[in-house]
Each structure stands twice: as C-alpha cells, then as structure tokens.
Amino acid sequence: MLGTDFRTGSPHWIDLGSPDTDAATAFYGSVFGWRFASAGPEAGGYGFFQKGGKTVAALGQLTEEGAKSSWTTYFRSDDIQATARAVVAGGGTVRVEPMSVGDGGWIGQFTDPQGAQFAVLQSEMGLETTSEDNTLLWVELHVGAPEEAIRFYNGVFGWRSEEMQAPGMTYRVLSIKDGDQQEGAFGGVAPLQSEEEEPRWVPYFAVADPDAIVTAAQENGGTVVMPAADVPDVGRIAWLADPSQAVFAVMKPNPRQGQ
C-alpha cells in the first residue's frame with residue numbers, strides 16, 4: 001500500500017478537476033470529512049483537501065475544453081522532460097507540455113496509448129497522509145490490453161508487475177522500479193469490464209466502512225457505479241461517482257476486516 005516515502009514512479013499527488021468546486025468541497029466533506037484549504041488568490045481557485053490538517057488530495061476548476069470531471073493521478077519523476085520523451089516514444093501523447101510550478105517544481109499531463117490520462121510531477125511536494133481511513137490507498141488502471149499498458153509504463157517509469165488471479169480476471173499488481181517489489185506495490189492493472197467503460201486510472205480511498213460511505217455518497221448527490229462487495233484476499237470495495245460524475249473507489253483492505 002502507499003506510503004509517503006515517494007520515489008521515481010510513485011503516485012504522490014492526486015487532484016480532482018471539477019466544474020463546481022464548491023459542490024465538490026461539500027460532497028467530499030460530507031463523505032470523507034475533508035476540509036478545503038485554498039492555495040491562495042494566485043492559484044485560480046486551486047486548493048487542498050485536508051484531513052487533520054494534512055493534505056490528502058487537491059481540487060481545481062476544470063480548465064481543458066470539453067474535459068469531463070475526473071480524478072487525476074500524478075506520478076513522480078526526477079526528470080520530467082525525459083519522462084515526456086519516453087511517453088511519446090512509447091506511443092503516448094503529451095496533453096499538457098511540462099511547465100514549471102511552485103518552488104522549482106514541474107508538471108506535465110499525458111495520455112497513454114490506450115487513452116488513459118495521467119500526470120507527472122517533478123517536485124518534493126507530495127500527499128502528506130496515505131493508506132489510512134479517508135486517504136489514498138491504491139490506484140488502478142483499467143484498459144483493454146493490460147499487457148500492452150504494462151510495457152508502456154515500464155518504458156516510462158520502469159514499473160514492475162506481478163500477476164495474481166482475481167474473480168473472473170488476471171490482475172497485475174504494479175510496483176515502482178526500485179527496492180522490494182511487494183513493499184513498492186502501489187496499484188494494479190485490470191481489463192475493462194464492459195464496452196461502455198473508458199480507459200482510465202481510478203483512485204481507491206481507504207475507508208473503515210464502505211457501506212456507510214456508499215450511503216453517505218448517495219445522500220449527498222453521488223451515485224453507485226459498483227455496489228459494495230467483498231473481494232477474496234483483497235477487501236470490501238465499492239465504486240462511486242460524485243455529483244459531477246467523477247469516478248472513485250473505496251476499500252476496506254482485508255487485513256482490517258473484522259477489526
């Protein structure tokens with residue numbers, strides 16, 4: 001699961017692009033108990049979702065024409081220009097050219113060859129809390145051709161993968177390129193589950209009670225994409241969409257079942 005010792009290829013930032021940031025603040029505040037802290041008047045409304053005073057995600061106004069509300073996962077790079085070249089060499093596209101942000105940081109936005117969007121951040125800034133209740137736990141890529149996706153991201157970030165059997169599918173667990181493979185695991189790759197599903201990265205947030213989160217989401221204008229269900233050896237999972245249809249998932253991991 002995710003920690004905050006971020007290294008090359010780690011997911012170390014996540015933000016929500018929303019057409020209505022006030023409504024998003026109210027929804028996630030009600031569902032996860034998050035509070036919103038503005039990054040300042042020069043940030044164009046961008047700011048931070050916080051839990052206990054620590055940043056767990058971020059929120060900004062949608063800026064791309066025709067863009068849908070969605071969560072974006074940012075992966076750490078030590079050389080964003082080299083990362084951009086690797087994306088293009090692997091058949092991906094540069095959606096937003098690398099540009100400087102903050103105190104010496106760089107950001108770029110990309111699309112992989114199968115259409116899943118992601119971003120890259122070259123910065124010491126990162127999420128301040130992960131893998132505890134109501135914080136980011138896991139990120140999952142859904143694509144039509146998982147093996148092709150793994151080859152692409154291996155070329156960009158050097159990620160490793162390991163197959164495991166899940167109900168009705170082969171699941172690939174992703175790890176950063178350095179260190180112990182199991183300790184470096186941060187996400188996975190799954191095949192698309194229907195013709196309607198779009199290639200995408202989906203964030204999973206740890207929760208104490210997925211069923212209660214499902215109820216809270218529905219009571220605050222969200223919808224259920226996949227009802228809460230137990231996944232053997234994994235945990236209890238549900239997929240949800242916020243009032244602007246940004247999709248996310250929640251999970252109570254198996255080791256905490258019954259606690």
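Residues numbered from 1 in each chain as written. Predicted model: local features only at pLDDT ≥ 70, side-chain atom pairs only at ≥ 80, totals over all residues. Heavy atoms only, no water.

Here's the deal with unusual backbone geometry
Phi is positive for Ser131, which is not a glycine, with a value near 60 degrees. Relative to the helices and strands, Ser131 is located in the loop between strand S8 (117–122) and strand S9 (136–143). Classification of Ser131 by relative accessible area gives partly exposed; the value is 27%. A positive phi angle, near 75 degrees, is found at Gln245, a position not held by glycine. With respect to the helices and strands, the residue Gln245 is situated in the loop between strand S15 (235–241) and strand S16 (247–253). Accessibility expressed as a relative area gives 48% for Gln245, which makes it partly exposed. (Helix = DSSP H or I, 4+ residues; strand = E, 2+ residues; numbered from the N terminus. Buried < 20%, exposed > 50% of the residue type's maximum accessible area, 1.4 Å probe, protein only.)

What to know about the pattern of salt bridges
Taken as a whole and judged by the stated rule, the model has nine salt bridges. The salt bridge involving Arg172 is made with Glu147; its shortest N-O contact spans 3.0 Å. Within this pair, whereas Arg172 is found in strand S11 (residues 169–175), its partner Glu147 is found in helix H3 (residues 146–157), the two being separated by 25 residues in sequence. (Salt bridge = Lys/Arg side-chain N within 4 Å of Asp/Glu carboxyl O.)

Quick notes on the pairing of S16
If a strand is regular, its side chains alternate between the two faces of the sheet. Counting buried positions over the seven residues of S16 gives seven, a clear majority of the element. What you see with S16 is no split at all: Val247, Ala249, Met251 and Pro253 on one side and Phe248, Val250 and Lys252 on the other are buried throughout. Summarising the sheet, S15 and S16 pair through seven bridges and their orientation is antiparallel. Directly across from Leu240, in S16, lies its bridge partner Phe248. Here S15 folds back onto S16, and the loop between the two strands holds five residues, one of which, Gln245, carries a positive phi near 75 degrees. (Pairing = 2+ DSSP bridges.)

Regarding the nonpolar core
Formed by 58 residues in total, the largest nonpolar core has its most connected members in Tyr28, Phe32, Trp34, Trp71, Phe118, Trp201 and Phe248. With six residues, the top contributor of residues to this core is H3. Excluding residues within four positions of it along the chain, Phe248 makes contact with Phe27, Tyr28, Phe32, Trp71, Val202, Pro203, Phe205, Ala238, Trp239, Leu240, Ala241 and Asp242. Residues Ala185, Ala190, Ala241 and Val247 belong to the second largest nonpolar core, which totals 16 residues. (Core = buried A, V, L, I, M, F, W, Y, C linked by side-chain atoms within 4.5 Å. Contact = heavy atoms within 4.5 Å.)

As for the sheet that holds strand S14 (residues 223–231)
Sheet architecture is open: eight strands sit in the order S10-S11-S12-S9-S13-S16-S15-S14, paired in mixed fashion. Edge positions in the open sheet fall to strand S10 (160–166) and S14, since each of these has one partner strand only. Taken over all neighbouring pairs, the strand axes of this sheet differ in orientation by 25 degrees on average, direction set aside. In this structure, S9 lies alongside strand S13 (residues 200–206), joined through six bridges in antiparallel fashion. For Val139, the partnering residue across the bridge sits in S13 and is Pro203. Here helix H4 (residues 210–219) sits on the sheet and contacts S14, S15 and S16; the angle it forms with S15, its principal contact strand, is near 10 degrees. (Axes fitted to C-alpha atoms, helices over the stretch in contact; angles between N-to-C directions.)

Observations concerning H3
With 12 residues, H3 extends 16 Å between its outermost C-alpha atoms, agreeing within 8% with the 16 Å of an ideal straight helix rising 1.5 Å per residue. Turning to H3, its buried residues number three or more, namely Pro146, Ala149, Ile150, Phe152, Tyr153, Val156 and Phe157. Taken end-on, H3 shows its buried residues confined to a sector of 165 degrees, consistent with a single buried face. Those residues of H3 that are exposed and aimed more than 90 degrees away from the buried face are Arg151 and Gly155. Where H3 ends, the next residue or the one after it, Gly158, has phi of about 80 degrees, a positive value. (Expected span 1.5 Å × (residues − 1). Arc of directions from axis to C-beta.)

Thoughts on the packing of aromatic side chains
The tally for this structure, following the rule as stated, stands at 33 aromatic pairs. Ring geometry for Phe118 against Phe152: centres 6.4 Å apart, planes inclined by 70 degrees, an arrangement best described as edge-to-face. Within this pair, whereas Phe118 is found in strand S8, its partner Phe152 is found in helix H3, the two being separated by 34 residues in sequence. As far as burial versus exposure is concerned, Phe118 and Phe152 are alike and both buried. (Phe/Tyr/Trp six-rings, centres within 6.5 Å; stacked < 30°, edge-to-face > 60°.)

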